[in-house]
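# Summary of structural features
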Amino acid sequence: MAKLYPKNKQAPFVKVYHGFGHAHDLHVFGHVLKKQPPGLRTGNNLLANLYNLLRLFFVKPLGGVPVRLLWEQQQIEGTTEDDGFFHFEWQSIESVPAGRHTVTVQCMNEQGQPIAGGQGVIQVPHITQYGIISDIDDTVMVSHSATILKRLKVLFTRHPGTREIFKDIGGHYRLLALAQTTADMPNPFFYVSSSEWNLYDYLQSVFKQNSIPEGTFLLNQIKRWFEIWKTGKTKHEGKLLRIVRILESFPNQQFILLGDNSQSDPEIYKTITEKYAGRIFAVYIRNVYGSHSFKTEQVLKQIAACGVQTLQFIHSADAIQHTREIL
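Report on the accompanying structure.

Cut-off values and rules
Residues numbered from 1 in each chain as written. Predicted model: local features only at pLDDT ≥ 70, side-chain atom pairs only at ≥ 80, totals over all residues. Heavy atoms only, no water. Salt bridge = Lys/Arg side-chain N within 4 Å of Asp/Glu carboxyl O. Helix = DSSP H or I, 4+ residues; strand = E, 2+ residues; numbered from the N terminus. Buried < 20%, exposed > 50% of the residue type's maximum accessible area, 1.4 Å probe, protein only. Arc of directions from axis to C-beta. Contact = heavy atoms within 4.5 Å. Phe/Tyr/Trp six-rings, centres within 6.5 Å; stacked < 30°, edge-to-face > 60°. Lys NZ or Arg CZ within 6 Å of the ring centre and 35° of its normal.

## Some remarks on the pattern of salt bridges
A full pass over the atoms with the stated rule returns eight salt bridges. Two residues, Glu-214 and Arg-100, come together in a salt bridge whose shortest N-O distance is 3.6 Å. Taken together, the positions of Glu-214 in the loop between helix H4 (200-209) and strand E11 (216-220) and Arg-100 in strand E7 (residues 99-108) put the pair 114 residues apart, joining distant regions of the chain. For Lys-295, the salt bridge goes to Glu-267, with nearest N and O atoms at 3.9 Å. Of the two residues, Lys-295 sits in helix H7 (residues 293-304) while Glu-267 sits in helix H6 (residues 265-275), which places them 28 residues apart along the sequence. Judged by relative accessible area, which is 55%, Lys-295 ranks as exposed. The partly exposed category is assigned to Glu-267, whose relative accessible area is 30%.

Encoded structure:
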C-alpha cells in the first residue's frame, strides 16, 4: 500500500457506475484511479475531437487498493483488481423496495481510513417488470464494430453530439421502457458492450442527447493510451458471462434481448435462450450485414422454437410495430 501513495497529496479518484440487483443479490462496479480523468469535451474540428477522445485513455488505475462499500447499515470490504476495477456483490440485511438507491464506495489508506469516495445508483426493478438487455455498437449507434479501422475512425472523429444513431432507436427503447409498466417505474435497461469503461461518460452523453433510456452499462476492461488500437475487441465469452450475471441476479424476471448481426449476438442470444428456458420473451436482431441475414434468420428460427418472439429488422420502425403487436 505504501507504494501506491508515495508522498502523493492528491487523493485518488473513485468512479462508481450504475449497479443493479434486488435484496438478495446486489451488484455495483467501479474503478479507483490515481486522479480524476479529464472531463468530456466537445470539439469543433477533427483534431479537437481526436484529442478529447485520446484523453479518456490517459488514465492510471490503482490496483490492490482497499475499498469499502457503504450500504444502509452495512460496510463491505474489498480490493481493486490490477486494473483498478472493483465489483461488490452482496445481500442486503434490510428489505430493498423497487426503485433507485444510492450507494457509496470509499478508497482507504494504509491505516484503514477513507481518503476518497464516490457515489453510484443501484436500480432495483419490481419482479413483474421486463428487463431489457441491449448491445450498443451497431445496435444503437453506427460503429462498424466488425472493422477495427472504421471503428476507430468513427470513435475518434465524432463527439457524442455527432454520433450517428439508428433512426427511431430512441422511440423503440422508450416504448420498451414503458411496456407493461408505468412512467414512474420504467423497465430497467442493461447495456452490454465491448466498449471499454474509458467510454462510460462518452456513452452516457450519447444516450442522453438522443433521449435513449438510462440504464446500467456493463463494459469491457479499461485500457491505457497505448492499447487504443485494441478498443472494442473482446472475447465473446465475456459478453455472454455479463448477460448471464444479469439473468442470475433476477431469477423472476423475463427479458428482452436486442443486438445485431455484425458479430456474434445471434449465437450468444441462442445460447442464453437455451440455458434460460422460459426467461426470454423476445429477441431483436438488427440486420446491419446483409450477407449475414440468412444465417441470422436460421438462428432466430431456433430461438423461436423455444417459444420466444423474434425479429430480424433493418429499420427500427419495424421493431416498434412488432413490439406494439406483442406487448
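## Regarding helix H3 (residues 169-177)
For H3, the set of buried residues is Ile-169, Gly-170, His-172, Tyr-173, Leu-176 and Ala-177. The arc that holds every buried residue of H3, seen down its axis, measures 160°, which confines them to one face. Where H3 is buried, its residues touch strand E9 (130-134), strand E10 (189-196), strand E12 (254-260), strand E13 (280-286) and helix H8 (316-326).

## A closer look at the side chain of Gln-123
Position of Gln-123 relative to the elements: it lies in strand E8 (residues 114-124). The exposure class assigned to Gln-123 is buried, which follows from its relative accessible area of 16%.

## Considerations on unusual backbone geometry
Glycine aside, residues mostly have negative phi angles, and peptide bonds mostly take the trans form. Positive phi, close to 50°, is recorded for Glu-72, a residue that is not glycine. Tracing the backbone shows Glu-72 in the loop between strand E4 (66-71) and strand E5 (74-79). Not every positive phi belongs to a glycine, and Asp-168 is a case in point at roughly 70°. Structurally, the position occupied by Asp-168 is in the loop between helix H2 (148-157) and H3.

## Structural notes on the packing of aromatic side chains
Counted according to the given criterion, the structure contains 21 aromatic pairs. On the numbers, 5.9 Å between centres and 55° between planes, the contact of Phe-86 with Phe-88 is tilted. By the burial criterion, Phe-86 is buried, and Phe-88 matches it. When the ring centre of Phe-166 is taken as reference, the NZ or CZ atom of Arg-286 above it lies at 4.0 Å.

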